[in-house]
Amino acid sequence: MSLPPSAILHPEESLKSQRTAATVDAIAESFVDNLFFVQGRSRERATVNDLYMALAHTVRDRLIERWIQTVINYRAQDVRVVCYLSAEFLTGPHLANNLINLGIYDEAEEAMRKLGLSLDTLIEQEEEPGLGNGGLGRLASCFMDSLATLDIPAIGYGIRYEYGIFDQEIRDGWQVETTHKWLRLGDPWALARPEDAFEVKMGGHTESYTDGGRYRVRWVPEKVIRGIPNDTPILGYRTNTANTMRLWSAEAVESFDFGTFNTGDFFGAVADKVSSENISKILYPNDEEIQGKQLRLAQQFFFVSCSLQHILQIQKNSNRPLADLHRNFAIQLNDTHPAIAVAEMMRLLVDENSLEWEAAWSVTTRTLSYTNHTLLPEALEHWPLKLFGALLPRHLEIIDEINRRHLEEVRAKFPGDEDRVRRLSLIEQNGEGYVRMAHLAALGSHAINGVAELHTELLKKEVLRDFYDLTPEKFNNKTNGVTPRRWMVLANPRLARLLTARLGSGWIHDLEKLRRLESMVDDPELAEEWRNIKHHNKGLLAAWVHHSLGIAIDPESMFDVLVKRLHEYKRQHLQVLHILTLYKRIQHDPDIDMQPRTFVFGGKAAPGYRMAKLIIKLIHSVAAVVHGDPLVRDRIRIVFLPNYNVKLGQRVYPAADLSEQISLAGKEASGTGNMKFAMNGALTIGTLDGANIEIREEVGAENFFLFGLTAQEVEQKKVEGYVPHLYYEQNPQLREVLDALAGGEFSHGDRGLFQPLVDSLLHRDEYMLLADYQSYIDCQDRVDAAWRDRERWTRMSILNVARIGKFSSDRAIRDYCSDIWKTWPVKIEL
Ligand code: NBG
């Protein structure tokens, strides 16, 4: 039943003003109201979580009107909506961010104070939704922030995993995983919309038939699953646009199989419900590497199908032809996880909406575009034909047809070049045969981008080289960026206040405005304030570390930070080799002059990735030995922050002096942590990899600590035949360190524990740590020297911030809008 429009209260007349006013008193009043009416609690019995929920609802109330107006706009004529399809969104906590974007942070703080509460405590209470692994998922959320801030109509589509990325605990130095039950206490930000559900088919077989002389195919599925949308508003900074992040959760179409139930098999009757709901149960915890598991393909298809059905529904409900879909929607594929969209769009258009194949293909390719996020060969998704066909029989037929037409064109363009035909095929004919998802995404899109200049160049030269030869015009670069709202204003309020006092608040919208700092770099007062802020932030982190880990760290020491997913290509163990080198130096010469450092690590290892887990153990083992040695412990401190996530990132970046970006050149597609550190005034020690190259170009080579082989030199070495053992033989310092590791010096004499690590370095060293070792050590010595001159260090730090504007996700989104999506801002009027 729906009410006639005239019967619906108009917000202007009633609810809007009083209920959602931004004054301290109004906020306090709605808070008390929400605690009572929404949480159903008295003040006396309220838990911290009740109080947090009451405030969350108070804030949500204040963005609802903007949200509703924005959604109305998606359906208006003449807008093109960006649909960002991503299997991961790492939003971080919402409360504080929404307060900042609404511009009511201070009012809320005051309102809580009046009620005898601390805003900080309530903010801290929020559990972050860990719906992503790392950089890729966090990028999606930075992009959502910028899309809203720039008033671009957009919907982010993904999966509402019941369990996100596992929580990491450390026991005896080893990583232990526990389930991340982020929904345990409820999620006040999302609205479930069970009435807007879509059905998704899976399995079964296909049947052909003719309809008015036309060959048609219908899919007879084995199973149907329902996708329920859960919508979360994503508000822009100080604007009325509140876009939607729509995450689908899976549900059985029938909760009970009454046939089975009536035979008395109660458990059998709910089995289908359980297996349907498994689809959105858990996020796969592998960063980069993809396991070819059927459940994962089912997850991908599930969210893609729901999202595309929703998009087509909007188009139809607005009375616009499907053939014009590309005029109203730009769909971005965040990596290949949603690449099945190419085949699903064709199926929806051809099978379910009777478009001709050619028309459907034109709409599909004009609507879709694809971002690649990795060069690692093991991370390129490909699905065994058998597994794929069993789950998606119709899609396999469609892919075969797309491929047939595609290879015909290849043959016409490159006659006689059957090797190229084989390389360009959507199907890999090795062994059991595979569907190549990157090829499907590349072929079905009108634009293909990498995420940093070097990465895009390597895509063209290597991973997607044949596609580049075929359609060079599709390729373009879009260097990543991160949002200055979360990563500066929210994470580093003192720095933000200083910048605003000096430059005005325009920099928050336009990060290039930070350049005006350059002219102030010699102002001693600025330098002094700058150092004080860093020192304060380091003190906050130190207090947190002491409180949660019981380790005392000194804010006077240099905070040298390496936080990111654990992976051999990121080379956390290269930093360990550096620490061991310093340790040995002190042992040889106890009076050696060395600046005290605190080495901070953080990051999760994929649960099945043994070497990465061993590196975590290594960090803890080295820490134990170092801290136990009175000669060393005042100069070297090591902390590993368990369960590194967005919340911890917000604590760490503002407190860092040195940012470690030490991947082997040619391996890290971009990196985004590198940008967050530099924005907060940390100096980078890094290789010429990913976005490091562009960061160095921007901030100036003299303000960046560079070491290591270039991507080209890495290739060269591989061709010549890389022999890591030679470095071991020729470098006594390196030999000493590796011998100590192998000899059990850090494992209570156990020679076996770190043997796999040492062996892999000496005999294979896929990521060339030994080749880069000396260059890294020399560079770290230059860092030590630079740190001694605090004035110079501060100057470098200020210049890093002043020149970091390019790495705002606002810039990235503007580039996507003008080059790929062809969309324009739409101001929302209330
Ligand atoms: C990651 C890259 C990072 C990059 C982010 C965001 C995957 C597959 N890729 O270098 O490793 O910064 O994507 O683009 O997670």
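The model shown is predicted, which means the values in this text are computed figures rather than measured ones. (Residues numbered from 1 in each chain as written. Predicted model: local features only at pLDDT ≥ 70, side-chain atom pairs only at ≥ 80, totals over all residues. Heavy atoms only, no water.)

### Description of the sheet that holds strand β13 (residues 382-384)
Think of a sheet as strands paired side by side through backbone hydrogen bonds, with each pair either parallel or antiparallel.
Phase 1 of the analysis: If you trace the 3 strands from one edge of the open sheet to the other, you get β13-β15-β14, paired in antiparallel fashion. Among the strands making up the open sheet, the edge pair consists of β13 and β14 (427-428).
Phase 2 of the analysis: As judged from the 3 bridges shared by β13 and strand β15 (residues 434-436), these two strands associate in the antiparallel manner. Bridge pairing links Pro-384 to Tyr-434 in β15. (Pairing = 2+ DSSP bridges. Helix = DSSP H or I, 4+ residues; strand = E, 2+ residues; numbered from the N terminus.)

### Thoughts on the pairing of strand β4 (residues 174-178)
Strand residues, when the strand is regular, have side chains that alternate between the two faces of the sheet.
Phase 1 of the analysis: Here strand β3 (residues 167-171) runs beside β4; their pairing, made up of 5 bridges, is antiparallel. Within β4, the position partnered with Gln-168 by the bridge is Glu-177.
Phase 2 of the analysis: Joining the antiparallel neighbours β3 and β4 is a turn of 2 residues, in which Asp-172 adopts a positive phi near 55°.

### What to know about the pattern of salt bridges
Phase 1 of the analysis: Tallied over the entire structure, the rule returns 62 salt bridges.
Phase 2 of the analysis: Note that Glu-124 and Arg-651 form a salt bridge whose closest N and O atoms lie 3.2 Å from each other. Taken as a pair, Glu-124 in helix α6 (residues 119-125) and Arg-651 in helix α25 (residues 646-652) lie far apart in primary sequence, 527 residues in all.
Phase 3 of the analysis: Here Glu-124 falls in the partly exposed class, since its relative accessible area comes to 40%.
Phase 4 of the analysis: A salt bridge links Asp-781 to Arg-585; its shortest N-O distance comes to 3.1 Å. You can see Asp-781 sitting in helix α32 (residues 769-788) and its partner Arg-585 sitting in helix α23 (residues 572-588), a full 196 residues away along the chain.
Phase 5 of the analysis: Taking relative accessible area as the criterion, Asp-781 reaches 31% and is therefore assigned partly exposed. (Salt bridge = Lys/Arg side-chain N within 4 Å of Asp/Glu carboxyl O. Buried < 20%, exposed > 50% of the residue type's maximum accessible area, 1.4 Å probe, protein only.)

### So, unusual backbone geometry
Phase 1 of the analysis: One non-glycine residue with positive phi stands out, namely Asp-172, at about 55°.
Phase 2 of the analysis: Mapped onto the elements of the fold, Asp-172 is located in the loop between β3 and β4.
Phase 3 of the analysis: Classification of Asp-172 as exposed rests on a relative accessible area of 66%.
Phase 4 of the analysis: One non-glycine residue with positive phi stands out, namely Lys-822, at about 50°.
Phase 5 of the analysis: Within the element layout of this structure, Lys-822 appears in the segment after α34 (809-821).

### Some words on the packing of helix α24 (residues 610-627) against helix α31 (residues 755-763)
Phase 1 of the analysis: Their axes nearest at 10 Å, the elements α24 and α31 cross at an angle of 115°. Relative to α31, the element α24 lies roughly perpendicular. Two packed elements cross with a definite hand, and for α24 against α31 that hand is left-handed. Contacts between α24 and α31 pair Met-611, Leu-614, Ile-615 and Leu-618 from the former with Pro-756, Leu-757 and Ser-760 from the latter. (Axes fitted to C-alpha atoms, helices over the stretch in contact; angles between N-to-C directions. Parallel < 35°, antiparallel > 145°, perpendicular 65-115°, else oblique. Left-handed = near helix turned anticlockwise from the far one by under 90°. Contact = heavy atoms within 4.5 Å.)

### Structural notes on the nonpolar core
Phase 1 of the analysis: Membership of the largest hydrophobic core comes to 113 residues, with the highest contact counts inside it found for Leu-85, Met-202, Phe-302, Ile-331, Phe-388 and Trp-821.
Phase 2 of the analysis: For this core, the element with the highest residue contribution is helix α10 (residues 294-317), accounting for 11 residues.
Phase 3 of the analysis: Ile-331 has contacts with Cys-83, Leu-85, Leu-308, Ile-311, Met-345, Thr-367, Leu-368 and Ser-369, leaving out every residue within four places of it along the chain.
Phase 4 of the analysis: Membership of the second largest hydrophobic core comes to 87 residues, among which are Ile-533, Val-563, Tyr-644 and Ile-804. (Core = buried A, V, L, I, M, F, W, Y, C linked by side-chain atoms within 4.5 Å.)

### Topic: a nonpolar patch on the surface
Phase 1 of the analysis: A surface patch of nonpolar side chains, about 350 Å² in accessible area, is lined by Phe-36, Phe-37 and Val-38.
Phase 2 of the analysis: By the secondary structure assignment, Phe-37 is in helix α2 (residues 24-37).
Phase 3 of the analysis: With relative accessibility at 63%, the residue Phe-37 sits in the exposed group. (Patch = residues over 30% accessible without salt bridge, like charges linked within 9 Å, V, L, I, M, F, W, Y side chains within 5 Å. Areas by Shrake-Rupley, 256 points an atom, 1.4 Å probe, with all protein chains shown as cover.)

### Thoughts on the pairing of strand β22 (residues 683-686)
Phase 1 of the analysis: Side chains Leu-683 and Ile-685 project from β22 onto one buried face, and the interleaved Thr-684 and Gly-686 project onto a second face that is buried too.
Phase 2 of the analysis: Where strand β21 (residues 658-661) meets β22, 4 bridges bridge the pair, whose relative direction is parallel. If you follow Glu-660 over to β22, its bridge partner there is Ile-685.
Phase 3 of the analysis: The handedness of the β21 to β22 crossover, carried by helix α26 (residues 673-679), is right-handed. (Right-handed = clockwise from strand over helix to strand, strands pointing away.)

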